[in-house]
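This is what each chain is made of:
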Amino acid sequence: MSQGSPGDWTPLDPTPGPPAPPNPFVHELHLSRLQRVKFCLLGVLLAPIRVLLAFVVLFLLWPFAWLQVAGLTEEQLQEPITGWRKTVCHNGVLGLSRLLFFLLGFLRIRVRGQRASRLQAPVLVAAPHSTFFDPIVLLPCDLPKVVSRAENLSVPVIGALLRFNQAILVSRHDPASRRRVVEEVRRRATSGGKWPQVLFFPEGTCSNKKALLKFKPGAFIAGVPVQPVLIRYPNSLDTTSWAWRGPGVLKVLWLTASQPCSIVDVEFLPVYHPSPEESRDPTLYANNVQRVMARALGIPATECEFVGSLPVIVVGRLKVALEPQLWELGKVLRKAGLSPGCVDAGAEPGRSRMISQEEFARQLQLSDPQTVAGAFSYFQQDAKGLVDFRDVALALAALDGGRSLEELTRLAFELFAEEHTEGPSRLLYKDGFSTILHLLLGSPLPAATTLHAELCQAGPSQGLSLCQFQNFSLHDPLYGKLFSTYLRPPYTPRGTSQIPHVSPRGSPTALANGTGQAPKQKGD
């Protein structure tokens with residue numbers, strides 16, 4: 001496997017196929033010279049005034065939000081608020097919220113369709129979720145309840161608005177929190193209209209609006225009818241998208257506030273009534289609603305989603321990273337002036353050797369603490385903060401580029417295969433298989449474990465031989481293309497700040513369609 005410049009890449013499969021779905025995690029904003037001049041002028045004159053006034057209104061929301069819940073006990077907050085608090089505070093927050101978005105440039109909110117009553121559809125699902133401006137959809141929905149992270153309660157003003165909203169809170173640090181959220185959603189959705197509607201963004205994260213991400217099942221667990229709500233920003237220039245890779249928060253805010261007028265369309269689709277099968281299977285229900293909304297939007301429904309902080313897509317039976325972290329690790333090491341091939345890994349095949357961050361630095365001859373911490377974070381750590389040096393050895397071998405794919409997969413097998421209890425041969429069990437795919441393809445560990453179990457069904461044991469593993473990684477028509485694409489890291493000259501970027505045709509989606517092309521680089 002030899003390294004070369006990005007221009008040396010050739011298509012993996014020249015056979016034409018259907019066009020690959022767009023990468024929903026990347027948003028690139030291209031401005032002409034005239035547009036740049038316009039944004040510079042309006043950004044200086046208009047944006048600061050708009051943002052300042054919007055923050056003033058944001059802080060004016062706080063007294064109304066505080067007044068609605070002031071003096072109420074936690075027991076009282078378990079029931080919907082009624083009476084004068086509901087009338088005064090609800091209307092105050094609704095009016096000021098519309099003023100806030102108006103000041104930010106959203107002069108028009110066009111509504112299509114008819115919002116269903118809380119009895120007809122206790123749950124609203126809004127998509128595509130593309131920006132932090134999307135809460136504007138709460139206004140034509142009459143401020144429904146939302147689901148938010150518990151950590152947001154500590155954010156000034158935002159925390160008060162969440163308490164005002166009686167939001168359903170989920171904590172990422174409490175394993176039991178998700179179960180309580182499911183129970184609370186079911187309780188409110190089945191209250192017979194007692195509670196206001198609950199609004200979900202079922203994608204769970206922002207995309208670039210070019211495809212729908214996989215819907216999470218939380219909004220569909222109660223098995224009640226839902227009303228899909230479409231969000232569109234039909235502006236000549238897309239300044240609102242806030243994707244995984246693209247303009248940051250401040251740039252999106254500045255560009256949008258610099259627009260003379262921004263328009264948002266909110267469309268209510270007919271209520272979706274689940275079938276008995278969908279009521280029993282939230283994942284099936286979510287997938288079918290996703291397809292309905294994708295058809296109405298005219299964009300593809302994809303299996304792309306975030307697993308932790310990693311964007312992944314389903315290829316066959318496997319989830320793989322859209323942009324492998326292995327290349328990011330290579331970038332960190334090259335910036336530190338380290339050539340992976342010059343490191344004596346010294347990992348023992350089949351035997352785990354756990355090392356600390358200090359040992360990792362000594363082994364790789366790294367001295368800069370920031371570089372050491374950045375490189376060390378790419379590896380799976382145990383409860384004591386140690387990593388298996390076999391992981392490091394395999395990653396360095398893959399980045400070195402001095403081995404063929406056959407040699408690299410053999411090395412991976414030798415490092416993680418274990419002695420077979422019923423014979424002299426060594427087999428690759430689920431833990432080692434999952435670790436290899438996580439390192440080389442960015443696959444989440446549970447997904448790789450499921451695939452390993454399916455591969456082992458063809459044999460008498462619960463492990464894979466070297467021949468079976470290489471048939472899977474080198475010769476399988478689908479998975480072999482993943483390995484051949486991801487294990488050819490492009491060379492980046494020292495001193496540059498480029499990183500590998502998987503274009504739509506180089507993504508796993510394209511590989512699955514037989515239209516794969518080696519990834520190209522994108523500047524930072």
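Residues numbered from 1 in each chain as written. Predicted model: local features only at pLDDT ≥ 70, side-chain atom pairs only at ≥ 80, totals over all residues. Heavy atoms only, no water.

Taking an unreviewed UniProt entry as the reference, the protein is identified by name as Lysophospholipid acyltransferase LPCAT4 belonging to Daubentonia madagascariensis. The UniProt entry for the protein carries the following comment under Sequence similarities (unreviewed entry): "Belongs to the 1-acyl-sn-glycerol-3-phosphate acyltransferase family." Taken from UniProt, the Subcellular location (unreviewed entry) comment for the protein reads in full: "Membrane". (UniProt positions renumbered as here; feature names shortened; annotations may be inferred.)

(A) Expanded view of helix α8 (residues 282–297). For α8, built from 16 residues, the straight-helix expectation of 22 Å at 1.5 Å per residue is met to within 8% by its first-to-last C-alpha distance of 22 Å. Taken together, the buried positions of α8 are Y285, A286, N287, N288, V289, Q290, M293, A294 and L297. Buried residues along α8 sit against β2 (123–127), β6 (226–232) and α7 (276–280). The N-capping residue of α8, defined by a side-chain oxygen 3.2 Å from the backbone nitrogen of T283, is D281. (Helix = DSSP H or I, 4+ residues; strand = E, 2+ residues; numbered from the N terminus. Expected span 1.5 Å × (residues − 1). Buried < 20%, exposed > 50% of the residue type's maximum accessible area, 1.4 Å probe, protein only. Contact = heavy atoms within 4.5 Å. Polar contact = N/O pair within 3.5 Å; in protein donor to acceptor, adjacent residues only side chain to side chain.)

(B) Layout of helix α13 (residues 405–416). Spanning twelve residues, α13 covers 17 Å between terminal C-alpha atoms, matching the ideal 16 Å at 1.5 Å per step. Residues of α13 that are buried: L408, T409, L411, A412, F413, L415 and F416. The elements touched by buried residues of α13 are α12 (389–400), β13 (418–419), β14 (426–427), α14 (430–441) and α16 (466–475).

(C) Main features of the layout of surface pockets. Its volume calculated, the second largest pocket comes out at about 520 Å³. Lining the second largest pocket are 21 residues, and of these E74, Q78, Q166, A167 and L169 lie nearest its centre. Mapped onto the lining of the second largest pocket, the elements with two or more residues apiece are α4 (158–165), β4 (168–170) and α5 (177–189). Sorting elements by how many residues they give to the lining of the second largest pocket places α5 first, with five residues. Class assignment of the residues belonging to the lining of the second largest pocket gives a composition of eleven nonpolar, four polar and six charged. (1 Å grid on protein atoms, 1.4 Å probe; cavity = no way out; pocket = protein on both sides within 12 Å on 5 of 7 lines; lining within 4 Å. Points joined across faces, edges and corners; volume = space filled by probe spheres on them. Nonpolar A, V, L, I, M, F, W, Y, C, P; charged D, E, K, R; others polar.)

(D) Summary view of the UniProt feature "transmembrane region" (unreviewed entry) in the protein. UniProt's entry tags residues 39–62 with the feature "transmembrane region" (unreviewed entry), counted in the numbering of this structure. Helix makes up 96% of residues 39–62 and strand 0%. Its end C-alpha atoms lie 32 Å apart.

(E) Region of the structure containing the nonpolar core. L333, F360, L394, I436 and L437 are the most contacted members of the largest nonpolar core, which totals 59 residues. A total of nine residues in this core trace back to one element, the largest contributor, which is α12. Once residues lying within four places of it in the same chain are set aside, the contact partners of I436 are L394, A412, F413, F416, L428, L441 and F469. Counting residues in hydrophobic clusters, the runner-up holds 41 residues, among them L100, F106, V146 and L253. (Core = buried A, V, L, I, M, F, W, Y, C linked by side-chain atoms within 4.5 Å.)

(F) How the structure looks around the side chain of S177. By secondary structure assignment, the location of S177 is in helix α5. Among the polar contacts made by the side chain of S177, one reaches the main-chain amide nitrogen of S171 at a distance of 2.8 Å.

(G) The arrangement of the pairing of β6 in detail. The buried fraction of β6 is high, at six of seven residues. Two strands pair when backbone bridges link them, and β2 and β6 are joined in this way by five bridges, in the parallel orientation. Following the sheet pairing, V125 is matched in β6 by P228. One ladder, built from four bridges, connects β6 with strand β7 (residues 262–268); its direction is antiparallel. Considered in β7, the bridge of I231 is made with V266. (Pairing = 2+ DSSP bridges.)

(H) Representation of the environment of S97 within the structure. Turning to its location among the elements, S97 is positioned in helix α3 (residues 83–103). Taking C-alpha positions, S97 is 8.2 Å from I136, a pair spaced 39 residues apart along the chain. Setting aside residues up to four positions removed in sequence, S97 forms contacts with L61 and L139.

(I) Geometry of the environment of Y486. Summarising the element assignment, Y486 is placed in helix α17 (residues 479–486). For Y486, a relative accessible area of 0% corresponds to the buried category.

(J) Quick look at the sheet that holds strand β5 (residues 198–200). As summarised here, the arrangement of the seven strands in space is β1-β7-β6-β2-β5-β3-β4, forming an open sheet in which the pairing is mixed. With one partner strand each, in any of the chains shown, β1 (106–112) and β4 form the two edges of the open sheet. Each neighbouring strand pair of the sheet contributes to a mean axis angle of 25 degrees, computed without reference to strand direction. The strands touched by α5 are β2, β3 (145–149), β4 and β5; relative to β4, the strand with the most contacts, the crossing angle is about 165 degrees. (Axes fitted to C-alpha atoms, helices over the stretch in contact; angles between N-to-C directions.)

(K) Here's a closer look at the sheet that holds strand β10 (residues 318–321). Strand order in this open sheet of three strands is β8-β9-β10, and the pairing throughout is antiparallel. Two strands lie at the open edges of the sheet, namely β8 (305–307) and β10, each paired on one side alone. Strand-to-strand twist across the sheet, computed as the mean angle between neighbouring axes with direction ignored, equals 50 degrees. As paired strands, strand β9 (residues 310–315) and β10 are joined by four bridges and run antiparallel to one another. Note that in β10 the partner of V314 across the bridge is K319.

(L) Structural detail: empty space enclosed by the protein. Counted by the stated rule, this structure contains two cavities of 30 Å³ or more. Put simply, the largest cavity is a space of about 120 Å³. Around the largest cavity, the lining residues are L310, Q325, L326, L329, Y378, F379, A395, H438, L439 and G442. Of all the secondary structure elements, the ones that give two or more residues to the lining of the largest cavity are α9 (325–335) and α14. The residue inventory of the lining of the largest cavity, partitioned by class, reads seven nonpolar, three polar and no charged.

(M) The arrangement of the packing of helix α2 (residues 47–69) against α4 in detail. Packing of α2 against α4 brings their axes to within 8 Å, and their N-to-C directions diverge by 40 degrees. Viewed along their axes, α2 and α4 adopt a mutual orientation that is oblique. Here α2 runs over α4; the crossing is left-handed. Mapping the contact onto sequence places L58, L61, W62, F64, A65, Q68 and V69 in α2 and A160, L161, R163 and F164 in α4. A per-class count over the contact of α2 with α4 returns nine nonpolar, one polar and one charged. (Parallel < 35°, antiparallel > 145°, perpendicular 65-115°, else oblique. Left-handed = near helix turned anticlockwise from the far one by under 90°.)

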